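Next come the chains, spelled out residue by residue.
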Amino acid sequence: MTEENKKKPNPIDIHVGSRIRLRRNMLGMSQEKLGENLGITFQQIQKYEKGTNRVGASRLQAIASILGVPVAFFFEDAPGQEAAAGRGFSEDASMAFAVEFCGSPEGLQLNRAFVKIADVKVRRRIIDLVKSLAAEDSD
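These numbers come from a predicted model, not from an experiment.

A look at the overall build of the chain
If you tally the helices and strands in the chain, you get seven helices and zero strands. Of the regular secondary structure in the chain, the N- to C-terminal order runs α-α-α-α-α-α-α. Buried positions account for 23% of the 139 residues belonging to the chain. Considering only intrachain contacts with a sequence separation of at least 6, the fraction spanning at least 24 residues in the chain is 56%.

Put into structure tokens, the structure is as follows:
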């Protein structure tokens, strides 16, 4: 079998897998823990997350339940989707940026620490601090 004949993962399968990984990381859950909850190996979770293996409907429903999101979460901003009514292209781009950032190691660390701050005033001051630091960098 030549390299050209090997089947490439479908872009939707890759997207769904990346959304599974994003949500799992947001919850701080390991591949092994998700696999245990589903009765499969962490290697199978890796294949789902890479898009190498397609996730079946019943398995996707189980994953959504374990990760605490609706099934539709895994298809948000999927390639080939029409822009949702009432949303412009700039909003789609900023949403994609936010999802990408939240999936990064820094974004995950920042999110996890930030949500642990109970005092709303402190959270607001942190946002103000970050905005002022960002403004300094752009000068």
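Structural notes on the packing of aromatic side chains
Across all of its chains, the model carries one aromatic pair by this definition. Seen in terms of ring centroids, phenylalanine 73 and phenylalanine 74 are 5.5 Å apart; in terms of plane orientation they differ by 80°. Their pairing is edge-to-face. When its relative accessible area of 13% is taken as the criterion, phenylalanine 73 is described as buried. The cationic tip of arginine 19 hangs over the ring face of phenylalanine 73; the distance from NZ or CZ to the ring centre is 4.0 Å.

Remarks on the side chain of glutamate 49
Mapped onto the elements of the fold, glutamate 49 is located in helix H3 (residues 42–50). A distance of 2.6 Å separates a polar atom in the side chain of glutamate 49 from a polar atom in the side chain of arginine 24. For glutamate 49, the residues in contact, after removing those within four places along its chain, are Ile14, Gly17, Ser18, Ile20, Arg21, Arg24 and Gln31.

Some remarks on helix H1 (residues 11–26)
In this model, H1 (16 residues) spans 22 Å end to end at C-alpha, consistent with the 22 Å of a helix rising 1.5 Å per residue. When we look at burial in H1, the residues that qualify are Asp13, His15, Val16, Gly17, Arg19, Ile20, Leu22, Arg23 and Arg24. Between the side-chain oxygen of the N-cap and the backbone nitrogen of isoleucine 12 there are 2.7 Å, and the N-cap of H1 in question is asparagine 10. Glycine 28 lies just past H1 and shows a positive phi near 70°.

Description of helix H4 (residues 57–67)
Inspection of H4 places Leu60, Ile63, Ala64 and Leu67 among the buried residues, and these make up the whole buried set. An end-on view of H4 places all buried positions within 100° of arc, on one side of the element. More than 90 degrees from the buried face of H4, the exposed residues found are Ser58 and Ser65. Looking at the buried residues of H4, the elements they touch are H1, helix H2 (31–38) and H3. Positive backbone phi, approximately 70°, marks glycine 68, located one or two places after H4.

Some remarks on the side chain of aspartate 13
Position of aspartate 13 relative to the elements: it lies in helix H1. What aspartate 13 contacts, discounting residues up to four positions off in sequence, is Tyr48, Gly51 and Arg54.

Details of the nonpolar core
Grouped together as the largest cluster of nonpolar side chains are 17 residues, with contacts concentrated most on Ile20, Leu34, Ile63, Leu67 and Phe74. When residues of this core are traced back to their parent elements, those giving at least two are H1, H2, H3 and H4. Residue contributions to this core peak at four residues, all from H4. What isoleucine 20 contacts, discounting residues up to four positions off in sequence, is Leu34, Glu49, Val55, Leu60, Ile63, Leu67 and Phe74.

Reading guide: rules and limits
- Residues numbered from 1 in each chain as written.
- Predicted model: local features only at pLDDT ≥ 70, side-chain atom pairs only at ≥ 80, totals over all residues.
- Heavy atoms only, no water.
- Helix = DSSP H or I, 4+ residues; strand = E, 2+ residues; numbered from the N terminus.
- Buried < 20%, exposed > 50% of the residue type's maximum accessible area, 1.4 Å probe, protein only.
- Contact = heavy atoms within 4.5 Å.
- Phe/Tyr/Trp six-rings, centres within 6.5 Å; stacked < 30°, edge-to-face > 60°.
- Lys NZ or Arg CZ within 6 Å of the ring centre and 35° of its normal.
- Polar contact = N/O pair within 3.5 Å; in protein donor to acceptor, adjacent residues only side chain to side chain.
- Expected span 1.5 Å × (residues − 1).
- Arc of directions from axis to C-beta.
- Core = buried A, V, L, I, M, F, W, Y, C linked by side-chain atoms within 4.5 Å.

Function-wise, these values are silent; they only describe arrangement.
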